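Each chain is listed here by its residues.
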Amino acid sequence: MKIEYNVNYSIEIRNCKIDHLTDVFKQLFVMVFSDFVKAVLKQFGDDFMKMKKKPFHCLCGNDRNFIWKTKDAKPMKITTIFADLILPQMQVQCKDCGKKMFISRLLLGIERYQKMSTLTERILAFVGGLATFRTSEKILGMVGVSFNRMKVWRCVQKIGKTISFDLDPKQLPYGEADGTGIPIVGIKKRGQELKVFIQKKVGGGVRIAGLAIGKYDSDWAELFAPLRDTIMSFKNFLLVTDGDTSILNGVKCLNVIFQRCLWHIPHQLKYCMWKDGVKKKSANWKKIMGKIFDISAIRPYLEKDDIDAVIQEKRARLDELISFCEKKGYKASTAYLINARPDMFSALEKRLNGKSSSLAERLMKTVNMRVNVGKWSPDGALNAMKLRLAHYYNGWTPYESEITPVNIQRI
Ligand SMILES: [Zn+2]
């Protein structure tokens, strides 16, 4: 449809400075925008009423016989990313049953009783997933309408809930599960853990196949349960995890490897040494750290024949390190290493690349950069992280299609 739209305003301007003009334009823009929407709305309303079969229908089923009741009933506020618009509610009446109905929202593509479109909600949710609620409020306020941070928060919750993850059957039959602590309101320690399930992609990189929130060392079922069905669509699936996979018992194709995350081992050992009273950067501290970094680092792309040799050597060195710690009386460190020993090289032993580290680790940084700002409710954190990770790893954006350019001519 072609509409002619004239802009004609008389504006009192104080001076010619660009900053003042920007200020004026921000105010003018809201008026221009709402006039534009009103004009289009009216024209579409008139056009619809001329159609034999209407693009809307009454509850009684009638979609043909309507009359205008009013084109300007009590105004409604509609929020867009640029401004809040005050628009007229147009009302028609069914000639069959006499029922009246508002059609403005219907024409604008906004759900009944809602103040903004789904796309606007998605955009606000997106901003809230990328930046803190405070920052979102400030930046949005500077360029457009002042969004209260609670509004951004609500959009994050609503849209985050609609995002779900699953395994992609076209990607690799290889997944890793890992968790990271999140700050929860009212709890001093990081009481809950965000559990992430990562699937490796053909040609490199990873995608998110699952996301859940729960207690440390438990609640893994929430993460694994939704994957049961798709996991079976793979002939074989290798799952590397520290978590409890009992929910997946009976899944025939599953080949679970309890692989200690090698990346974590030196860091956890550092903590054990602190408990054992080993002075940081002392000779023994350095000796142990040097050895554990060496043992836990596994070179990628090892040939099958080399793997045995590597494992043998690493096991021998690990045993040496354990007896060293034992001799020095470092109880926590000794216990930690003995506990980690059986599962440290399981992936490698199965002739697979046992480096289960940097992928999850980088992803957790993406999580932490956002989740560490402020405190969360478990669901609040989950929804915000769904948005954030879906965007960074699975290509989610608020826009479901490209913006189509329209033909605009000066007249
Ligand atoms: Zn009717």
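The structure displayed is predicted, hence computed values, not measured ones.

Parameters and conventions
- Residues numbered from 1 in each chain as written.
- Predicted model: local features only at pLDDT ≥ 70, side-chain atom pairs only at ≥ 80, totals over all residues.
- Heavy atoms only, no water.
- Helix = DSSP H or I, 4+ residues; strand = E, 2+ residues; numbered from the N terminus.
- Rg over C-alpha atoms; globule rule 2.2 N^0.38 Å.
- Buried < 20%, exposed > 50% of the residue type's maximum accessible area, 1.4 Å probe, protein only.
- Contact = heavy atoms within 4.5 Å.
- Areas by Shrake-Rupley, 256 points an atom, 1.4 Å probe, with all protein chains shown as cover.
- Lys, Arg positive; Asp, Glu negative; His and termini not counted.
- Charge placed at Lys NZ, Arg CZ, Asp CG, Glu CD.
- 1 Å grid on protein atoms, 1.4 Å probe; cavity = no way out; pocket = protein on both sides within 12 Å on 5 of 7 lines; lining within 4 Å.
- Points joined across faces, edges and corners; volume = space filled by probe spheres on them.
- Nonpolar A, V, L, I, M, F, W, Y, C, P; charged D, E, K, R; others polar.
- Domains from an automatic or database assignment.
- Pairing = 2+ DSSP bridges.
- Axes fitted to C-alpha atoms, helices over the stretch in contact; angles between N-to-C directions.
- Donors = N, O, S within 2.8 Å, 3.2 Å for Na, K, Ca; no water.
- Tetrahedral: all angles 85-135°; square planar, octahedral: opposite > 155°, others 65-115°.
- Phe/Tyr/Trp six-rings, centres within 6.5 Å; stacked < 30°, edge-to-face > 60°.
- Core = buried A, V, L, I, M, F, W, Y, C linked by side-chain atoms within 4.5 Å.
- Patch = residues over 30% accessible without salt bridge, like charges linked within 9 Å, V, L, I, M, F, W, Y side chains within 5 Å.
- Salt bridge = Lys/Arg side-chain N within 4 Å of Asp/Glu carboxyl O.
- Parallel < 35°, antiparallel > 145°, perpendicular 65-115°, else oblique.

Further remarks concern the overall build of the protein chain. Each helix and strand counted, the protein chain has 14 helices and 8 strands in total. Its C-alpha radius of gyration of 30 Å places the protein chain more than 25% over the 22 Å reference for a compact globule of 411 residues. Based on the C-alpha atoms only, the size of the protein chain along its principal axes is roughly 90 × 60 × 45 Å. For the protein chain, the proportion of its 411 residues judged to be buried stands at 43%. Looking at the protein chain alone, contacts between residues at least 24 apart form 60% of all its contacts between residues at least 6 apart. Carbon and sulfur atoms form 54% of the exposed surface of the protein chain, whose accessible area is close to 24,200 Å². For the protein chain, the distance from the average site of its 69 positive side-chain charges to the average site of its 41 negative ones is 5 Å.

The next subject is the layout of surface pockets. Of the volumes computed, that of the largest pocket is approximately 1,600 Å³. If you go around the largest pocket, you meet 37 residues; those closest to its centre are F33, F36, V40, V406 and I408. Every element with two or more residues in the lining of the largest pocket is listed here: α1 (18-50), β1 (66-79), β2 (84-94), α2 (104-108) and α3 (118-130). Take the lining of the largest pocket: its biggest share by element is 8 residues, from α1. Partitioning the lining of the largest pocket into residue classes produces 27 nonpolar, 7 polar and 3 charged.

Now for the domain arrangement of the protein chain. What the domain assignment reports for the protein chain is domain 1 (18-116), domain 2 (121-162), domain 3 (170-259 + 356-377) and domain 4 (261-355). The gap between the C-alpha centroids of domain 2 and domain 3 is 27 Å.

The subject of this paragraph is the sheet that holds β2. Read from one edge of the open sheet, 3 strands run β1-β2-β3, paired in antiparallel fashion. The sheet terminates laterally at β1 and β3 (100-102), the two strands that pair on one side only. For this sheet, the mean angle separating the axes of adjacent strands, direction not counted, is 25 degrees. When β2 meets β3, the two strands line up antiparallel, connected through 3 bridges. By the bridge assignment for β3, Q93 is matched with K100. Sheet strands in contact with α1 are β1 and β2, and its direction is about 15 degrees off that of β2.

A few words now on the coordination of the zinc ion. Protein ligation of the zinc ion involves C58 (SG), C60 (SG), C94 (SG) and C97 (SG), the donor distances falling in the range 2.3 to 2.4 Å. Every donor counted, the 4 donor atoms about the zinc ion form angles of 103 to 115 degrees at the centre, which fits tetrahedral coordination. One chain supplies every donor for the zinc ion, spaced along it as C-x1-C-x33-C-x2-C. Of the two residues, C60 is situated in the loop between α1 and β1 and C97 in the loop between β2 and β3; the sequence distance between them amounts to 37 residues. Overall, the relative accessible area of 44% leaves C97 in the partly exposed class.

Of all 11 residues making up β2, 9 are buried, and the element is well covered by its neighbours. Two strands pair when backbone bridges link them, and β1 and β2 are joined in this way by 9 bridges, in the antiparallel orientation. In the sheet register, M76 faces β2, and the bridge partner there is L87. Linking β1 to β2, which pair antiparallel, is a turn of 4 residues.

What follows covers the packing of aromatic side chains. According to the stated counting rule, one finds 14 aromatic pairs in the structure shown. Seen from their ring centres, F33 and F82 are 6.4 Å apart, and the 70 degrees between their planes marks the pair as edge-to-face. One end of the pair, F33, is in helix α1; the other, F82, is in the loop between β1 and β2, with 49 residues separating them in the sequence. Assessed through its relative accessible area of 45%, F82 is described here as partly exposed.

Another aspect to go through is the nonpolar core. L194, V196, L211 and L363 are the most contacted members of the largest nonpolar core, which totals 38 residues. Secondary-structure elements contributing two or more residues to this core are α3, α4 (133-143), α5 (149-162), β5 (192-200), β6 (206-215), α13 (358-371) and α14 (378-394). Top contributing element to this core by residue count: α14, with 8 residues. With residues near it in sequence (within four places) discarded, L211 still touches F165, L194, K195, V196, L223, L382, M385, K386 and L389. Counting 23 residues, the second-largest nonpolar core is a separate cluster that includes I288, I322, Y330 and F345.

On to a nonpolar patch on the surface, then. Residues I11, I13, I18 and L21 make up a contiguous nonpolar surface patch of roughly 350 Å² in combined accessible area. For L21, the position within the fold is in helix α1. Classification of L21 as partly exposed rests on a relative accessible area of 30%.

A few words on the packing of helix α8 (residues 264-275) against helix α11 (residues 331-340). As a packed pair, α8 and α11 sit with axes 8 Å apart at the nearest point and diverge in direction by 150 degrees. Looking at the two axes, α8 sits roughly antiparallel to α11. Across from H264, I265, Q268, L269, C272, M273 and K275 in α8, the residues of α11 making contact are A332, S333, Y336, L337 and A340. Taken together, the residues that form the contact of α8 with α11 break down as 8 nonpolar, 3 polar and 1 charged.

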